[in-house]
Amino acid sequence: MDGEWEPPMVDNPEYKGEWQPKQLDNPNYKGPWQHPEIDNPDYSSDPNLYLRKEICTIGFDLWQVKSGTIFDNILITDDIEMAMTVAGDVKNTQAGERKMKEEQDEEQRKKDENEQKSSYSDDDDDDDKEELSEQDDQVNEHDEL
């Protein structure tokens, strides 16, 4: 009747505020530690340490939406002239492949159209036969009455 019950709050005489760890003085503290640098008499610098003379393999992790995509003629080089020459050859190859693909697509389209035309004429004959058989069934049903 008087609202929600709330427990009574009791004062804690020992409460001294939020807890924090004790800070002890360290008179020997000299700052953050720095590692000592000791000369290594066996060390010699190697400028070709990471040099790779030949890359024999390369891997691609590809996700493709359209199947049939071909990845071919991959070139890794630092010679711009050679890259431009190879790119021109690849463009010529792609143009020939595109022309052949268009011809194949055209042939397939014509073949599909012919199949659809022949299936339409067969479907019309089948529909007529079904209508006649339905009419015969209806006549036969009336004869039984």
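Residues numbered from 1 in each chain as written. Predicted model: local features only at pLDDT ≥ 70, side-chain atom pairs only at ≥ 80, totals over all residues. Heavy atoms only, no water.

A. Fine view of the overall build of the protein. A tally of regular secondary structure across the protein gives 1 helix and 0 strands. Sorting the 145 residues of the protein into buried and exposed places 0% on the buried side. (Helix = DSSP H or I, 4+ residues; strand = E, 2+ residues; numbered from the N terminus. Buried < 20%, exposed > 50% of the residue type's maximum accessible area, 1.4 Å probe, protein only.)

B. View of the environment of Glu 106. Here Glu 106 lies in helix α1 (residues 80–144). Classification of Glu 106 as partly exposed rests on a relative accessible area of 32%. At a separation of 2.3 Å, a polar atom in the side chain of Glu 106 contacts the side chain of Arg 109. (Polar contact = N/O pair within 3.5 Å; in protein donor to acceptor, adjacent residues only side chain to side chain.)

C. Structural detail: a nonpolar patch on the surface. On the surface, Ile 58, Phe 60, Leu 62, Phe 71, Ile 74 and Ile 76 cluster together to form a nonpolar patch covering roughly 640 Å² of accessible area. For Phe 71, the position within the fold is in the segment before α1. (Patch = residues over 30% accessible without salt bridge, like charges linked within 9 Å, V, L, I, M, F, W, Y side chains within 5 Å. Areas by Shrake-Rupley, 256 points an atom, 1.4 Å probe, with all protein chains shown as cover. Salt bridge = Lys/Arg side-chain N within 4 Å of Asp/Glu carboxyl O.)

D. Representation of the layout of surface pockets in the model. The computed volume of the largest pocket comes to approximately 590 Å³. Around the largest pocket sit 15 residues that line it, and Gly 68, Thr 69, Ile 70, Gln 94 and Glu 97 are the ones nearest its centre. (1 Å grid on protein atoms, 1.4 Å probe; cavity = no way out; pocket = protein on both sides within 12 Å on 5 of 7 lines; lining within 4 Å. Points joined across faces, edges and corners; volume = space filled by probe spheres on them.)

Nothing here speaks to function; it is geometry throughout.
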